[in-house]
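Now for the letters of each chain:
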Amino acid sequence: VQLQASGGGLVQAGGSLKLSCAASGGTFSTYAMAWFRQAPGKEREFVAGITWNGISRNYKDSVKGRFTISRDNAKKTVYLQMNSLKTEDTAVYYCAAARSIALYTISISYDNWGQGTLVTVSS
């Protein structure tokens, strides 16, 4: 499956952004999906994940209550709604797919990646 992330941009602290990741070329509904991010000089980290059927979700502790991951299998798209953004949320955000019924939080479990979209939160 090929992934195309979009929706990044510049936003002030406290603002909101919604990222989208459109899939093509595969059976999207069979994939667990996740968002990772990588800030300058830091390792890529898990942000949020959702199972193939949307029933189970998992979040990095620092984004719980602020970020929401969702998916629309009919549109082959996964979303990340980000509210109450903080300067420390600044990073390149990547969507990833794993053909699995399980939900993983480590990047090596995902073999399909989008190109990344930059989110910059200013103070």
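Check the entry above for the structure.
These numbers come from a predicted model, not from an experiment. (Residues numbered from 1 in each chain as written. Predicted model: local features only at pLDDT ≥ 70, side-chain atom pairs only at ≥ 80, totals over all residues. Heavy atoms only, no water.)

1. Section: the environment of Lys-86
Among the secondary structure elements, Lys-86 is positioned in the loop between strand 8 (77-82) and strand 9 (91-98). Residue classification places Lys-86 among the partly exposed residues on the basis of a relative accessible area of 36%. With 22 residues separating them in the primary sequence, Lys-86 and Ile-108 have C-alpha atoms 27 Å apart. Apart from the residues within four sequence positions on either side, Lys-86 is in contact with Arg-66 and Val-121. (Helix = DSSP H or I, 4+ residues; strand = E, 2+ residues; numbered from the N terminus. Buried < 20%, exposed > 50% of the residue type's maximum accessible area, 1.4 Å probe, protein only. Contact = heavy atoms within 4.5 Å.)

2. Observations concerning the pattern of salt bridges
With the rule as written, the count across this model stands at 5 salt bridges. The salt bridge partner of Lys-60 is Glu-45, with a shortest N-O separation of 3.2 Å. Of this pair, Lys-60 sits in the loop between strand 6 (57-59) and strand 7 (67-72) while Glu-45 is found in strand 5 (residues 45-50), placing the two residues 15 residues apart along the sequence. Using a relative accessible area of 26% as the deciding quantity, one classes Glu-45 as partly exposed. Put simply, Lys-64 and Asp-61 hold a salt bridge, and the shortest N to O gap is 3.1 Å. Since its relative accessible area comes to 48%, Lys-64 is described here as partly exposed. (Salt bridge = Lys/Arg side-chain N within 4 Å of Asp/Glu carboxyl O.)

3. A closer look at a nonpolar patch on the surface
On the surface, a nonpolar cluster with roughly 330 Å² of combined accessible area is contributed by Tyr-104, Ile-106 and Ile-108. Mapped onto the elements of the fold, Ile-108 is located in the loop between strand 9 and strand 10 (112-113). (Patch = residues over 30% accessible without salt bridge, like charges linked within 9 Å, V, L, I, M, F, W, Y side chains within 5 Å. Areas by Shrake-Rupley, 256 points an atom, 1.4 Å probe, with all protein chains shown as cover.)

4. Things to note about the state of the cysteines
Counting across every chain of the model gives 1 disulfide. The disulfide partner of Cys-21 is Cys-95, and the gap between their sulfur atoms is 2.1 Å. Because the torsion about its S-S bond is 60°, the bridge between Cys-21 and Cys-95 counts as right-handed. Taken together, the positions of Cys-21 in strand 3 (residues 17-24) and Cys-95 in strand 9 put the pair 74 residues apart, joining distant regions of the chain. The residues Cys-21 and Cys-95 share a single accessibility class, namely buried. (Disulfide = S-S within 2.5 Å.)

5. Examining the pairing of strand 5
Where burial is concerned, most of strand 5 is hidden: 5 out of the 6 residues are buried. Hairpin connection between strand 4 (residues 32-38) and strand 5: a loop of 6 residues separates the two successive antiparallel strands, and Gly-41 in this loop has a positive phi of roughly 80°. Taken together, the 3 bridges between strand 5 and strand 6 define a ladder with antiparallel strand orientation. Following the sheet pairing, Gly-49 is matched in strand 6 by Asn-58. Adjacent in sequence and paired antiparallel, strand 5 and strand 6 are bridged by 6 residues, among which Gly-54 carries a positive phi angle near 80°. (Pairing = 2+ DSSP bridges.)

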